[in-house]
Amino acid sequence: MAKIIRWICEKCNKKWIYPISRCLYCNGEIKKQIGMKIKVIGFTRIHIPCPPHPIVPYNVLLLEDEYGNRMPKKTIKDYNIGDTYEDIPSKEENAIAITKIKYDVYEAVKEALELIGDIEVDRTNKILIKPNLSIPGYPYLGIGTHPEVMRGLLRYLIERGANPKNITIAEQSFFFPFDKAIAKSRINQIVKEFGVNLVDLSKTEFIEKKEREFVFRVSKIVYDFDLIFNVPVIKTDMLLGIDGAFENLTRFLSKENFNEFVRDIKKAIGALAVLPNILPRFITIGDGTIGMQGNGPAEHGEPGFYNMIFAARNPVVHDKIVQEVLCLRRLPYVELAGKLGIGEYEVSKIKVIGNELDAVRRDIKQPIGSKLIKKD
Amino acid sequence: MKRYVKGVGMTKFSVESRTTQDMAIEAISLALDDSNLNINDIEAVVVSTVDTKVNTERQRHYPAVLSSLLKRKMPIIRVPAVCGGGGAAFWTALRLKYNNILVIGVDNVLAGPTPIITKEIMNAGENLWEQEEGLNFPGQNALVAQQHMLKYGTTHDDLALISYKNHLHGSMNPKARFYGKKVTLEEIKKAPIIASPFNLYDCSISVNGAAAVVVSRDKTDIKVIGSALATDYLPPFERPDITTWQSSVEAGKKAFKEAGVEPSDIDVAEIHDAFTIVELISYEDLGFCKKGEGGKLVRDGYVNLDGKMPVNTSGGLKARGHPISPTGVAQIVEIVDQLRDRCGDRQVNNPKIGLTQNIGGAGGTATVHIFRKIAG
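What counts and what doesn't
Along every chain, residues carry numbers that run from 1 in the direction the sequence is written. Here every chain gets a letter starting at A, and every ligand a number starting at 1, in the order they are written. Local features in this predicted model are restricted to residues of pLDDT 70 or higher, and side-chain atom pairs are both shown and tallied only at a pLDDT of 80 or more, whereas totals for entire chains, interfaces and linings draw on every residue. Here a helix means four or more residues in a row that DSSP labels H or I, a strand means two or more in a row labelled E, and each is numbered from the N terminus. This radius of gyration counts C-alpha atoms alone. The globule rule is 2.2 Å times how many residues there are, raised to the power 0.38. Neighbour density around each residue's C-beta defines its exposure: 20 or more other C-beta atoms within 10 Å make it buried, 12 or fewer make it exposed, and counts between make it partly exposed, where C-beta atoms are placed from the backbone. Residue pairs qualify as contacts under a 7 Å threshold applied to their C-beta atoms, which are placed from the backbone. Residues were grouped as follows: Ala, Val, Leu, Ile, Met, Phe, Trp, Tyr, Cys and Pro as nonpolar; Asp, Glu, Lys and Arg as charged; and all remaining residues, including Gly, as polar. For helices, the axis comes from a line fit to the C-alpha atoms of the stretch in contact; other axes are also lines fit to C-alpha atoms, and the angle between any two N-to-C directions lies between 0 and 180 degrees. With respect to orientation, any angle under 35 degrees is reported as roughly parallel, any angle over 145 as roughly antiparallel, any angle of 65 to 115 as roughly perpendicular, and every other angle as oblique. In this scheme the handedness of a crossing depends on how the near helix is turned from the far one: anticlockwise by less than a right angle means left-handed, clockwise means right-handed. Strands qualify as paired when DSSP identifies two bridges or more between them. Seen with its strands pointing away from the viewer, a crossover is right-handed when the path leading from the first strand over the helix to the second is clockwise. All the domain ranges listed were derived from an automatic or database domain assignment.

Comments concerning the overall build of chain A
Secondary structure assignment for chain A yields 10 helices and 19 strands. The globule rule puts the C-alpha radius of gyration for 376 residues at 21 Å, and the 21 Å found for chain A is close to it. Dimensions of chain A, computed from C-alpha atoms along their principal axes, come out at roughly 60 × 50 × 35 Å. Looking at chain A as a whole, 50% of its 376 residues are labelled buried. In chain A, once contacts between residues fewer than 6 apart in sequence are set aside, the share between residues at least 24 apart is 72%.

Have a look at this one:
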């Protein structure tokens with residue numbers, strides 16, 4: 001499943017490591033050359049840490065594919081020259097794929113979904129995509145799900161047979177006008193480009209669902225779909241610690257219902273932890289293109305250039321691994337969800353595919369204002 | 001090309017914290033004194049400096065800083081090319097239509113702990129393909145070294161001899177970081193691993209400093225007889241042959257052709273030894289030996305102080321130190337001093353033709369300059 005990508009001119013065969021639209025030499029069309037038979041041709045073991053690579057020693061492999069294209073690859077594992085380099089996909093509930101973006105978000109999204117066993121889609125499937133567009137913000141700010149991730153996911157689904165008319169992007173904002181959030185995020189352009197539907201969840205009917213001691217009021221439309229993609233942007237949050245798979249689900253609730261929970265932090269933790277149980281099954285695609293670090297959107301957080309895509313079938317697995325990658329402290333609601341059996345919480349029991357966990361851990365600016373983060 | 005060097009000057013390359021303004025003034029003063037000029041005789045300045053985030057200055061508009069410093073409103077331009085900036089600035093100055101041009105390289109990069117400096121320097125590598133994969137500069141060059149070893153049988157002992165030679169030379173250079181400090185071959189071989197197969201003594205040392213040269217149309221005793229700049233793809237893995245740096249090959253060919261001399265005519269050379277393998281590959285790329293025979297050249301002592309063509313009599317980047325942009329200018333300072341017979345204990349016997357080769361990144365930019373001692 002590991003890939004080496006080049007952009008190659010169909011006429012003159014010149015190659016680029018960057019996606020370009022046309023050959024400067026012969027004006028030829030550019031196509032992608034994707035090598036998948038990958039061998040290790042060199043390696044170095046690095047002992048000097050730096051902020052994006054704090055764990056040492058680590059190895060950097062020099063990989064080469066069947067076309068002679070090469071790329072370096074960070075790994076903690078030891079390899080020998082001549083070894084095959086590959087990733088084995090897994091459909092298991094405790095699996096999460098982490099892919100790195102090499103200038104092509106579509107390929108990273110596609111590879112992440114392939115690594116969790118690919119998604120079967122047909123023209124009749126009704127598909128719901130739930131991005132995070134709760135705050136108006138341009139894509140470069142990392143406040144909302146990046147339009148390139150949405151574009152990549154839509155392209156992936158349509159290529160696999162989905163009918164754009166059966167795809168709905170749904171979101172609401174509890175604090176800002178929905179139209180403004182959609183326009184600034186550029187998601188309105190994506191909706192137009194692909195001819196998919198856009199729904200403001202605040203204008204939908206909400207129905208009551210009970211789970212343990214909590215009463216949820218959930219948008220009724222959530223239950224009308226065959227396939228749901230939860231697509232949060234990976235950003236720090238002053239209150240929760242992180243906005244990931246769980247937080248993004250809260251906007252399936254009514255604003256009044258949401259406000260009931262956030263007034264009481266303990267209640268919020270409990271409700272958030274069991275929220276997935278009242279929803280249909282969904283796949284989480286964590287948008288780590290441009291996320292946020294520091295105190296997140298509420299308190300002068302700044303963009304975090306993570307250049308990663310996460311994909312998981314279970315939200316506990318997703319948020320736990322994101323927490324580990326970004327070296328955040330414990331997230332109580334994720335921990336509670338794990339204890340309640342909603343998903344695997346033990347890192348050693350989670351199958352990380354595509355990139356090794358220790359190879360992608362990085363120091364980011366922590367959300368120091370978080371009230372929910374337990375002191376160790 | 002009728003261009004001459006009038007005078008040169010440089011600060012001691014050291015770990016001391018000095019402002020770039022202070023270091024620039026010292027180097028400029030020395031170069032002007034050596035040229036028997038004052039600042040009013042200078043018609044233009046070409047400066048190279050990196051836009052570092054790790055010191056307290058964070059001064060992006062450096063030409064205007066120099067205007068404030070020199071109290072002149074003449075043309076001042078900045079030529080950045082990371083580690084190859086000094087050579088690129090000199091190459092640029094040679095092509096400007098002014099009589100007396102000041103070339104200055106100045107940097108204050110050593111202003112933080114090693115991991116931070118490592119990341120700062122790493123920014124000169126390709127972002128998503130290299131930096132994201134943990135490929136810092138020692139790692140990048142270590143992969144190149146491994147490929148050279150596999151292909152040509154070069155050994156780490158060959159690289160250790162380069163390090164030993166440069167440290168021996170540097171111990172005799174009062175401007176060098178390692179002045180007065182001798183290092184044994186055993187110490188070099190037993191040093192801790194940085195990025196296998198490299199140990200500490202395969203890597204150049206970061207320092208702060210400044211170096212300046214006055215280029216003139218007025219005839220002096222030092223004539224610039226060859227000058228060339230070439231570039232290559234940013235990451236080595238993208239190039240057809242990872243063990244040859246084509247920018248260096250191209251610049252070398254062009255400079256030798258312009259100078260009308262052969263590699264065997266060079267009496268003394270300053271070669272970019274950011275890592276020991278870079279110096280060894282440069283012997284081959286510049287034509288001082290056949291491809292794959294760089295190791296033999298070192299073993300035969302050809303490049304030692306008492307050899308046919310002493311290399312890096314200043315101590316090179318390894319022992320004089322590597323402050324990034326000033327390096328290429330400091331190489332010219334050393335060659336001019338050698339041709340003017342003022343290098344003291346490390347003086348080469350009556351050199352007539354000297355060469356400098358300065359590289360930016362992992363061969364992304366290379367300049368080669370050839371100087372001839374003439375009757376002044």
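Some points on the overall build of chain B
For chain B, the count of helices and strands is 12 helices and 11 strands. Relative to the compact-globule value of 21 Å for 376 residues, chain B shows a C-alpha radius of gyration of 19 Å, a close match. Dimensions of chain B, computed from the C-alpha atoms along their principal axes, are close to 55 × 45 × 40 Å. Looking at chain B residue by residue over its 376 residues, the buried ones come to 60%. For chain B, the share of sequence-separated contacts (at least 6 apart) that also reach a separation of at least 24 residues comes to 78%.

Let's talk about the interface of chain B and chain A
Counting from both sides, the interface comprises 25 residues of chain B and, opposite them, 25 residues of chain A. Those elements that place two or more of their residues in the side of chain B that touches chain A are α4 (114-122), α5 (137-152) and β5 (193-195) of chain B. Ranked by the residues each element gives to the side of chain B that touches chain A, the list is headed by α5(B), at six residues. Among the residues making up the side of chain B that touches chain A, the classes are represented as 12 nonpolar, eight polar and five charged.

Remarks on the packing of α5(B) against helix α9 (residues 276-285) of chain B
The relative placement of two packed helices is expressed as an angle between their axes plus a distance between the axes. Residues and elements named next belong to chain B. Running from N to C, α5 and α9 point in directions that differ by 50°, and their axes come no closer than 9 Å. As the angle between them shows, α5 and α9 are arranged oblique. Note that α5 runs across α9; the crossing there is left-handed. Facing α5, whose interface residues are Asn141, Val144, Ala145 and His148, α9 presents Ile277, Val278 and Ile281. In the contact of α5 with α9, the residues fall into five nonpolar, two polar and no charged.

Points about the sheet that holds strand β1 (residues 4-9) of chain A
Residues and elements named next belong to chain A. Spatially, three strands are ordered β2-β1-β3 in an open sheet, and the strand pairing comes out antiparallel. At either end of the open sheet lies a strand with only one pairing partner, and these are β2 (15-16) and β3 (30-35). Sheet topology note: the β1/β3 ladder contains six bridges and is antiparallel. Bridge pairing links Ile5 to Ile34 in β3.

Comments concerning the pairing of strand β2 (residues 44-48) of chain B
Across a regular strand the side chains alternate sides, sitting on one face of the sheet and then on the other. Residue and element names in this part refer to chain B. Burial within β2 is extensive, with four of its five residues counted as buried. Sheet topology places β2 next to strand β4 (residues 100-107); five bridges connect them, and they run parallel. The residue of β4 that forms the bridge with Val45 is Leu102. As defined by bridge partners, β2 adjoins strand β3 (residues 76-78) across three bridges and the pair is classed as parallel. Bridge assignment links Val47 to a residue of β3, and that residue is Arg78. Regarding topology, helix α2 (residues 62-70) serves as the crossover connection from β2 to the parallel β3, and that connection is right-handed.

A word on the sheet that holds strand β1 (residues 3-10) of chain B
Picture the strands of a sheet paired through backbone hydrogen bonds; they go either parallel or antiparallel. All names here are of chain B. Strand order in the open sheet made by the nine strands is β3-β2-β4-β7-β1-β8-β11-β10-β9, with mixed pairing throughout. One side of each edge strand has no neighbouring strand; the edge strands of this open sheet are β3 and β9 (268-271). On average, each strand axis in the sheet is inclined to that of its neighbour by 25°, with strand direction left out of account. Along the sheet, α2 makes contact with β2 and β3, crossing β3 at roughly 145°.

A few points about the domain arrangement of chain A
Once the domains are mapped, chain A shows domain 1 (4-75) and domain 2 (95-360). Here the side of domain 1 of chain A that touches domain 2 of chain A is composed, by residue class, of five nonpolar, one polar and one charged.

Focus on the pairing of strand β12 (residues 214-219) of chain A
Residue and element names in this part refer to chain A. Of the strand pairs in this sheet, strand β11 (residues 206-211) and β12 are connected by six bridges, and their pairing is antiparallel. Its bridge partner lying in β12, Glu208 is registered against Arg217. As consecutive antiparallel partners, β11 and β12 are separated by two residues, and within that stretch Arg212 has a phi angle of approximately 55°, a positive value.

Things to note about helix α1 (residues 105-115) of chain A
All names here are of chain A. Here α1 lies mainly inside the structure; 10 of its 11 residues are buried. Among all positions in α1, only Val105, Glu107, Ala108, Val109, Lys110, Glu111, Ala112, Leu113, Glu114 and Leu115 are buried. Of the residues one or two after α1, Gly117 is the one with positive phi, at around 100°.

Points about the environment of A:Ile167
Relative to the assigned elements, A:Ile167 resides in strand β9 (residues 167-171). When neighbours within four sequence positions are excluded, A:Ile167 is seen to be in contact with A:Ile127, A:Ile129, A:Leu154, A:Leu157, A:Ala162, A:Val196 and A:Asn197.

Here we look at unusual backbone geometry
A cis amide bond, omega -5°, links A:Val56 with the succeeding residue A:Pro57. B:Pro197 follows B:Ser196 through a cis peptide bond whose omega is 5°. On the secondary structure map, B:Pro197 appears in the loop between β5 and β6 (198-199). The backbone phi angle of A:Arg186 is positive, close to 75°, even though this residue is not glycine. Following the sequence through the fold, A:Arg186 ends up in the loop between α3 (178-184) and α4 (187-194). The exposure class of A:Arg186 is partly exposed, given the 17 C-beta atoms found within 10 Å. Not every positive phi belongs to a glycine, and B:Ile324 is a case in point at roughly 80°.

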